[in-house]
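# Structural characterization, general
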Amino acid sequence: MALTTTLEMLLDAQKRGYAVGAFNVENMEMAQAVIRAAEKKDAPVVIQTTPGTLKYAEPAVFYGIVQALAKKVKAPVALHLDHGDSYELAARCLMAGYTSVMIDGSRLQLQDNIALSARVAALAALNGVPVEAELGKVGGKEDTLADQGDEYTNPADAAAFVKASGVQSLAVAIGTAHGVYKTKPVLDVKRLHAIREVVEIPLVLHGASGLSEEQVVSCVKEGICKVNFATELRIAYTKGVGEAMAQKPIDPKAYGKAGRERVQALVEKWMDVCGATGRA
Ligand code: 13P
Ligand code: ZN
(Lines give C-alpha, C1' and ligand atoms only; values in the text may rest on other atoms or scores of the structure.)
(Ligands and ions follow the chains in the order given, each with its own letter.)
Protein backbone atom coordinates (compact mmCIF):
# COMPACT_ATOMS: atom_id res chain seq x y z
CA MET A 1 0.00 0.00 0.00
CA ALA A 2 0.96 3.66 -0.19
CA LEU A 3 3.11 4.99 2.66
CA THR A 4 1.08 5.79 5.77
CA THR A 5 1.78 8.35 8.47
CA THR A 6 2.78 7.35 11.99
CA LEU A 7 -0.31 9.05 13.43
CA GLU A 8 -2.90 6.25 13.19
CA MET A 9 -0.15 3.68 13.56
CA LEU A 10 0.96 4.92 16.98
CA LEU A 11 -2.57 5.65 18.20
CA ASP A 12 -3.56 2.07 17.37
CA ALA A 13 -0.49 0.80 19.23
CA GLN A 14 -1.41 2.97 22.20
CA LYS A 15 -5.00 1.75 22.21
CA ARG A 16 -4.10 -1.92 21.90
CA GLY A 17 -1.00 -1.96 24.11
CA TYR A 18 1.84 -2.79 21.75
CA ALA A 19 4.67 -0.81 20.13
CA VAL A 20 5.58 -0.27 16.49
CA GLY A 21 9.21 -1.07 15.73
CA ALA A 22 11.10 1.80 14.09
CA PHE A 23 14.22 0.73 12.24
CA ASN A 24 17.03 2.90 10.90
CA VAL A 25 18.14 2.03 7.38
CA GLU A 26 21.14 3.25 5.44
CA ASN A 27 20.73 1.66 2.05
CA MET A 28 18.32 -0.22 -0.18
CA GLU A 29 19.15 -3.64 1.24
CA MET A 30 18.35 -2.58 4.80
CA ALA A 31 15.05 -1.07 3.64
CA GLN A 32 14.21 -4.32 1.84
CA ALA A 33 15.04 -6.31 4.96
CA VAL A 34 12.73 -4.23 7.15
CA ILE A 35 9.83 -4.30 4.72
CA ARG A 36 10.21 -8.05 4.11
CA ALA A 37 10.10 -8.58 7.87
CA ALA A 38 6.97 -6.42 8.17
CA GLU A 39 5.23 -8.39 5.45
CA LYS A 40 6.24 -11.74 6.90
CA LYS A 41 5.18 -10.73 10.42
CA ASP A 42 2.06 -8.86 9.30
CA ALA A 43 3.31 -5.91 11.34
CA PRO A 44 3.08 -2.13 10.88
CA VAL A 45 6.56 -0.61 10.66
CA VAL A 46 8.46 2.67 10.64
CA ILE A 47 11.52 3.02 8.44
CA GLN A 48 13.70 5.92 9.44
CA THR A 49 16.78 7.77 8.26
CA THR A 50 19.04 10.10 10.25
CA PRO A 51 20.53 13.41 9.06
CA GLY A 52 23.86 11.58 8.51
CA THR A 53 22.17 9.00 6.29
CA LEU A 54 20.52 11.84 4.36
CA LYS A 55 23.96 13.25 3.63
CA TYR A 56 24.91 9.86 2.18
CA ALA A 57 21.85 9.89 -0.11
CA GLU A 58 19.17 12.58 -0.27
CA PRO A 59 15.59 12.24 1.03
CA ALA A 60 14.15 11.74 -2.46
CA VAL A 61 16.34 8.64 -2.92
CA PHE A 62 15.14 7.00 0.29
CA TYR A 63 11.59 8.04 -0.47
CA GLY A 64 11.85 6.44 -3.92
CA ILE A 65 13.19 3.17 -2.53
CA VAL A 66 10.83 2.91 0.43
CA GLN A 67 7.62 3.86 -1.37
CA ALA A 68 8.39 1.46 -4.23
CA LEU A 69 8.88 -1.39 -1.75
CA ALA A 70 5.93 -0.40 0.45
CA LYS A 71 3.40 -0.29 -2.35
CA LYS A 72 3.97 -4.00 -3.03
CA VAL A 73 3.10 -5.13 0.52
CA LYS A 74 -0.02 -5.13 2.68
CA ALA A 75 1.76 -4.09 5.88
CA PRO A 76 1.54 -0.34 6.67
CA VAL A 77 4.91 1.38 6.24
CA ALA A 78 5.78 4.93 7.36
CA LEU A 79 8.92 6.80 6.31
CA HIS A 80 10.27 8.94 9.13
CA LEU A 81 13.06 11.47 9.62
CA ASP A 82 14.93 10.39 12.76
CA HIS A 83 16.62 13.03 14.97
CA GLY A 84 15.94 15.83 12.52
CA ASP A 85 18.38 18.57 13.50
CA SER A 86 16.87 21.57 11.74
CA TYR A 87 13.65 23.10 10.43
CA GLU A 88 15.20 23.05 6.95
CA LEU A 89 15.91 19.32 6.95
CA ALA A 90 12.37 18.60 8.19
CA ALA A 91 11.06 20.74 5.30
CA ARG A 92 13.23 18.88 2.77
CA CYS A 93 11.92 15.53 4.00
CA LEU A 94 8.33 16.74 3.87
CA MET A 95 8.85 17.96 0.31
CA ALA A 96 10.35 14.60 -0.65
CA GLY A 97 7.28 12.76 0.64
CA TYR A 98 8.29 11.57 4.13
CA THR A 99 5.19 10.66 6.11
CA SER A 100 6.56 11.40 9.58
CA VAL A 101 9.32 13.61 11.00
CA MET A 102 11.19 13.99 14.24
CA ILE A 103 12.61 17.30 15.33
CA ASP A 104 15.20 16.80 18.02
CA GLY A 105 15.55 19.98 20.03
CA SER A 106 16.64 18.13 23.15
CA ARG A 107 19.99 19.98 23.18
CA LEU A 108 18.12 23.30 23.55
CA GLN A 109 16.64 25.01 26.59
CA LEU A 110 13.02 24.00 27.23
CA GLN A 111 11.48 27.16 25.72
CA ASP A 112 13.68 26.98 22.62
CA ASN A 113 12.91 23.28 22.18
CA ILE A 114 9.18 24.11 22.40
CA ALA A 115 9.52 26.93 19.86
CA LEU A 116 11.43 24.81 17.32
CA SER A 117 9.17 21.79 17.76
CA ALA A 118 6.05 23.97 17.39
CA ARG A 119 7.40 25.50 14.14
CA VAL A 120 8.06 22.08 12.65
CA ALA A 121 4.70 20.75 13.88
CA ALA A 122 2.91 23.67 12.18
CA LEU A 123 4.75 23.08 8.91
CA ALA A 124 4.20 19.32 8.96
CA ALA A 125 0.50 19.82 9.72
CA LEU A 126 0.15 21.57 6.36
CA ASN A 127 1.18 18.25 4.82
CA GLY A 128 -0.92 16.14 7.19
CA VAL A 129 2.27 14.72 8.68
CA PRO A 130 2.77 14.03 12.42
CA VAL A 131 5.84 15.16 14.37
CA GLU A 132 7.87 13.46 17.09
CA ALA A 133 9.87 15.66 19.47
CA GLU A 134 12.31 14.84 22.26
CA LEU A 135 12.48 16.10 25.80
CA GLY A 136 15.31 15.12 28.11
CA LYS A 137 18.52 13.73 26.71
CA VAL A 138 19.00 10.18 25.52
CA GLY A 139 22.65 9.34 26.24
CA GLY A 140 25.28 8.10 23.80
CA LYS A 141 26.18 9.47 20.42
CA GLU A 142 23.57 9.34 17.68
CA ASP A 143 24.67 10.23 14.19
CA THR A 144 25.50 13.95 13.83
CA LEU A 145 24.41 14.84 17.35
CA ALA A 146 27.15 14.91 19.96
CA ASP A 147 26.86 12.81 23.10
CA GLN A 148 24.93 15.09 25.43
CA GLY A 149 25.09 12.98 28.53
CA ASP A 150 22.03 11.78 30.36
CA GLU A 151 19.27 14.05 31.55
CA TYR A 152 16.05 12.22 32.23
CA THR A 153 12.66 13.60 31.15
CA ASN A 154 10.78 15.49 33.82
CA PRO A 155 7.07 14.48 33.78
CA ALA A 156 5.70 17.95 34.52
CA ASP A 157 7.91 19.52 31.84
CA ALA A 158 6.78 16.81 29.41
CA ALA A 159 3.11 17.66 29.97
CA ALA A 160 3.78 21.37 29.45
CA PHE A 161 5.98 20.67 26.42
CA VAL A 162 3.35 18.59 24.64
CA LYS A 163 0.64 21.16 25.25
CA ALA A 164 2.74 24.09 24.04
CA SER A 165 4.41 22.44 21.04
CA GLY A 166 1.46 20.59 19.50
CA VAL A 167 3.54 17.54 18.53
CA GLN A 168 1.98 14.10 18.02
CA SER A 169 4.51 11.87 19.84
CA LEU A 170 7.28 12.37 22.38
CA ALA A 171 10.66 10.68 22.81
CA VAL A 172 11.57 10.36 26.47
CA ALA A 173 14.87 9.87 28.29
CA ILE A 174 14.58 7.19 30.98
CA GLY A 175 18.04 5.64 30.96
CA THR A 176 18.55 4.36 27.42
CA ALA A 177 21.47 5.50 25.26
CA HIS A 178 22.34 5.31 21.57
CA GLY A 179 25.03 2.92 20.41
CA VAL A 180 26.56 -0.07 22.19
CA TYR A 181 26.05 -0.19 25.98
CA LYS A 182 29.25 -0.56 27.97
CA THR A 183 27.33 -1.77 31.02
CA LYS A 184 23.79 -3.11 31.30
CA PRO A 185 21.44 -0.09 31.29
CA VAL A 186 19.09 0.51 34.19
CA LEU A 187 15.77 1.95 33.06
CA ASP A 188 13.67 4.28 35.16
CA VAL A 189 10.33 2.61 34.42
CA LYS A 190 8.68 4.45 37.33
CA ARG A 191 9.50 7.72 35.63
CA LEU A 192 8.00 6.40 32.41
CA HIS A 193 4.83 5.56 34.34
CA ALA A 194 4.73 9.08 35.80
CA ILE A 195 5.17 10.64 32.34
CA ARG A 196 2.42 8.40 30.97
CA GLU A 197 0.03 9.66 33.65
CA VAL A 198 0.34 13.27 32.51
CA VAL A 199 1.06 12.94 28.77
CA GLU A 200 -1.66 11.60 26.48
CA ILE A 201 0.22 11.35 23.18
CA PRO A 202 2.22 8.21 22.25
CA LEU A 203 5.67 7.93 23.85
CA VAL A 204 8.80 6.83 22.00
CA LEU A 205 11.80 4.87 23.28
CA HIS A 206 15.18 5.57 21.67
CA GLY A 207 18.41 3.64 22.05
CA ALA A 208 16.82 0.18 22.11
CA SER A 209 19.81 -1.75 20.71
CA GLY A 210 21.32 -3.78 23.53
CA LEU A 211 18.24 -3.76 25.77
CA SER A 212 16.95 -7.13 26.92
CA GLU A 213 13.65 -8.38 25.59
CA GLU A 214 12.22 -8.01 29.10
CA GLN A 215 13.27 -4.37 29.27
CA VAL A 216 11.54 -3.58 25.99
CA VAL A 217 8.39 -5.44 27.07
CA SER A 218 8.24 -3.56 30.39
CA CYS A 219 8.54 -0.21 28.61
CA VAL A 220 5.77 -1.16 26.19
CA LYS A 221 3.59 -2.10 29.17
CA GLU A 222 4.16 1.38 30.59
CA GLY A 223 3.02 3.14 27.45
CA ILE A 224 5.85 3.15 24.91
CA CYS A 225 4.23 2.98 21.44
CA LYS A 226 7.32 3.23 19.19
CA VAL A 227 10.73 1.65 19.80
CA ASN A 228 13.80 2.77 17.83
CA PHE A 229 16.51 0.34 16.73
CA ALA A 230 19.64 1.35 14.81
CA THR A 231 22.97 0.02 16.10
CA GLU A 232 21.94 -3.64 16.13
CA LEU A 233 20.89 -3.37 12.48
CA ARG A 234 24.19 -1.81 11.52
CA ILE A 235 26.07 -4.58 13.31
CA ALA A 236 23.93 -7.32 11.73
CA TYR A 237 24.33 -5.87 8.25
CA THR A 238 28.08 -5.40 8.62
CA LYS A 239 28.53 -8.94 9.95
CA GLY A 240 26.59 -10.45 7.08
CA VAL A 241 28.53 -8.46 4.52
CA GLY A 242 31.86 -9.26 6.19
CA GLU A 243 31.23 -12.97 6.19
CA ALA A 244 30.16 -12.98 2.56
CA MET A 245 33.18 -10.87 1.60
CA ALA A 246 35.46 -13.49 3.12
CA GLN A 247 34.26 -15.79 0.33
CA LYS A 248 35.73 -13.19 -2.07
CA PRO A 249 32.69 -12.75 -4.30
CA ILE A 250 32.99 -10.39 -7.19
CA ASP A 251 29.26 -9.84 -7.05
CA PRO A 252 28.03 -6.97 -4.83
CA LYS A 253 24.63 -8.66 -4.76
CA ALA A 254 26.13 -11.61 -2.88
CA TYR A 255 27.20 -9.54 0.12
CA GLY A 256 24.20 -7.21 -0.03
CA LYS A 257 22.01 -10.30 0.24
CA ALA A 258 23.96 -11.67 3.20
CA GLY A 259 23.62 -8.41 5.11
CA ARG A 260 19.95 -8.14 4.21
CA GLU A 261 19.14 -11.61 5.55
CA ARG A 262 20.78 -10.87 8.89
CA VAL A 263 18.89 -7.60 9.27
CA GLN A 264 15.56 -9.20 8.38
CA ALA A 265 15.94 -11.90 11.05
CA LEU A 266 16.78 -9.29 13.68
CA VAL A 267 13.84 -7.04 12.74
CA GLU A 268 11.44 -10.00 12.87
CA LYS A 269 12.59 -10.79 16.41
CA TRP A 270 12.03 -7.24 17.64
CA MET A 271 8.60 -7.05 16.01
CA ASP A 272 7.59 -10.10 18.05
CA VAL A 273 9.00 -8.59 21.26
CA CYS A 274 7.24 -5.26 20.68
CA GLY A 275 3.94 -7.09 20.15
CA ALA A 276 3.61 -5.64 16.63
CA THR A 277 3.35 -9.02 14.93
CA GLY A 278 -0.11 -9.63 13.48
CA ARG A 279 -1.24 -5.99 13.97
CA ALA A 280 -1.06 -4.83 10.35
P1 13P B 1 20.26 2.45 18.94
O2 13P B 1 21.29 2.76 17.90
O3 13P B 1 20.82 2.39 20.29
O4 13P B 1 19.45 1.25 18.57
O5 13P B 1 19.25 3.69 18.97
C6 13P B 1 18.34 3.84 17.93
C7 13P B 1 17.69 5.16 17.96
O8 13P B 1 17.32 5.69 18.99
C9 13P B 1 17.47 5.82 16.68
O10 13P B 1 16.86 7.05 16.84
ZN1 ZN C 1 17.38 7.94 18.75
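All of the points below concern the structure found in this document. Because the structure is predicted, anything quoted here is derived from the model rather than measured.

Close approach of charged atoms allows side chains with opposite charge to pair. Tallying each qualifying case throughout the model produces 11 salt bridges. One salt bridge in this structure joins Asp272 and Lys41, with 3.1 Å as the shortest N-O distance. Here Asp272, found in helix H11 (residues 252-274), pairs with Lys41, found in helix H2 (residues 28-41); they are 231 residues apart in sequence, far enough to count as distant. Judged by relative accessible area, Asp272 falls into the partly exposed class, the value being 40%.

Before going further, it helps to examine empty space enclosed by the protein. Summed over the entire model, instances satisfying the criterion amount to 3 cavities of 30 Å³ or more. If you add up the space inside the second largest cavity, you get close to 60 Å³. Together, Thr6, Leu7, Leu10, His80, Ser100, Pro130, Val131, Glu132, Gln168, Ser169, Pro202 and Lys226 line the second largest cavity. With 3 residues, helix H1 (residues 6-16) is the single largest residue contributor to the lining of the second largest cavity.

Ideal values for angles at a metal depend on the geometry: 109.5 degrees with four tetrahedral donors, 90 or 180 degrees with six octahedral donors. The protein atoms donating to the zinc ion (ligand 2) are His83 (NE2), His178 (NE2) and His206 (ND1), with metal-donor distances spanning 2.0 to 2.1 Å. A relative accessible area of 2% places His83 in the buried class.

Residues in contact with ligand 1 amount to 14 residues; listed here are only the nearest, Asp82, Gly207, Ser209, Ala230 and Thr231. Between an oxygen atom of ligand 1 and a side-chain N or O atom of Ser209, the distance comes to 2.5 Å. With the chains in place, 100% of the 310 Å² that ligand 1 exposes on its own is no longer accessible. Contributing elements (two or more residues each) for the shell around ligand 1: strand E3 (77-84) and strand E8 (224-229). Of the residues contributing to the shell around ligand 1, the split by class is 4 nonpolar, 9 polar and 1 charged.

There is about 220 Å³ of room inside the second largest pocket. Lining the second largest pocket are 15 residues, and of these Leu108, Leu110, Leu135, Gly136 and Glu151 sit closest to its centre. Partitioned by chemical class, the residues of the lining of the second largest pocket number 4 nonpolar, 7 polar and 4 charged.

One finds Phe23, Ile47, Val77, Leu170, Val227 and Leu233 to be the most contacted residues of the largest nonpolar core, which totals 88 residues. The residues touching Leu170, leaving out its near neighbours within four places in the chain, are Ala133, Glu134, Leu135, Ala158, Phe161, Val162, Ile201, Pro202, Leu203 and Val204.

Looking at where Thr49 falls in the secondary structure, it is placed in strand E2 (residues 45-49). Since its relative accessible area comes to 0%, Thr49 is described here as buried. A distance of 2.9 Å separates polar atoms of two side chains, one belonging to Thr49 and the other to Tyr98. Excluding residues within four positions of it along the chain, Thr49 makes contact with Val25, Leu54, Phe62, His80, Leu81, Asp82 and Tyr98.

Right, let's talk about the sheet that holds strand E4 (residues 100-103) for a bit. If you trace the 8 strands once around the closed barrel, you get E1-E2-E3-E4-E5-E6-E7-E8, paired in parallel fashion. Looking at each pair of strands side by side, their axes are set apart by 25° on average, direction ignored. In the sheet, E2 pairs with E3 via 5 bridges, with the strands oriented parallel. For Thr49, the partnering residue across the bridge sits in E3 and is Leu81. Across the sheet, H1 touches strand E1 (20-24), E2, E3, E4, strand E6 (169-172) and E8, and the angle it forms with E8 is around 120°. Sheet strands in contact with H2 are E1, E2 and E3, and its direction is about 170° off that of E2.

For the pair H2 and helix H4 (residues 59-70), the least separation of the axes is 10 Å and the interaxial angle reads 30°. Classified by the interaxial angle, the pair formed by H2 and H4 is roughly parallel. Between H2 and H4 lies a crossing of right-handed hand. Across the interface between the two elements, Met28, Ala31, Gln32 and Ile35 from H2 touch Ile65, Val66, Leu69 and Ala70 from H4. Its residues placed into classes, the contact of H2 with H4 shows 7 nonpolar, 1 polar and no charged.

Calculation notes
- Residues numbered from 1 in each chain as written.
- Chains lettered and ligands numbered in written order.
- Predicted model: local features only at pLDDT ≥ 70, side-chain atom pairs only at ≥ 80, totals over all residues.
- Heavy atoms only, no water.
- Salt bridge = Lys/Arg side-chain N within 4 Å of Asp/Glu carboxyl O.
- Helix = DSSP H or I, 4+ residues; strand = E, 2+ residues; numbered from the N terminus.
- Buried < 20%, exposed > 50% of the residue type's maximum accessible area, 1.4 Å probe, protein only.
- 1 Å grid on protein atoms, 1.4 Å probe; cavity = no way out; pocket = protein on both sides within 12 Å on 5 of 7 lines; lining within 4 Å.
- Points joined across faces, edges and corners; volume = space filled by probe spheres on them.
- Donors = N, O, S within 2.8 Å, 3.2 Å for Na, K, Ca; no water.
- Near = heavy atom within 4 Å.
- Polar contact = N/O pair within 3.5 Å; in protein donor to acceptor, adjacent residues only side chain to side chain.
- Areas by Shrake-Rupley, 256 points an atom, 1.4 Å probe, with all protein chains shown as cover.
- Nonpolar A, V, L, I, M, F, W, Y, C, P; charged D, E, K, R; others polar.
- Core = buried A, V, L, I, M, F, W, Y, C linked by side-chain atoms within 4.5 Å.
- Contact = heavy atoms within 4.5 Å.
- Pairing = 2+ DSSP bridges.
- Axes fitted to C-alpha atoms, helices over the stretch in contact; angles between N-to-C directions.
- Parallel < 35°, antiparallel > 145°, perpendicular 65-115°, else oblique.
- Left-handed = near helix turned anticlockwise from the far one by under 90°.

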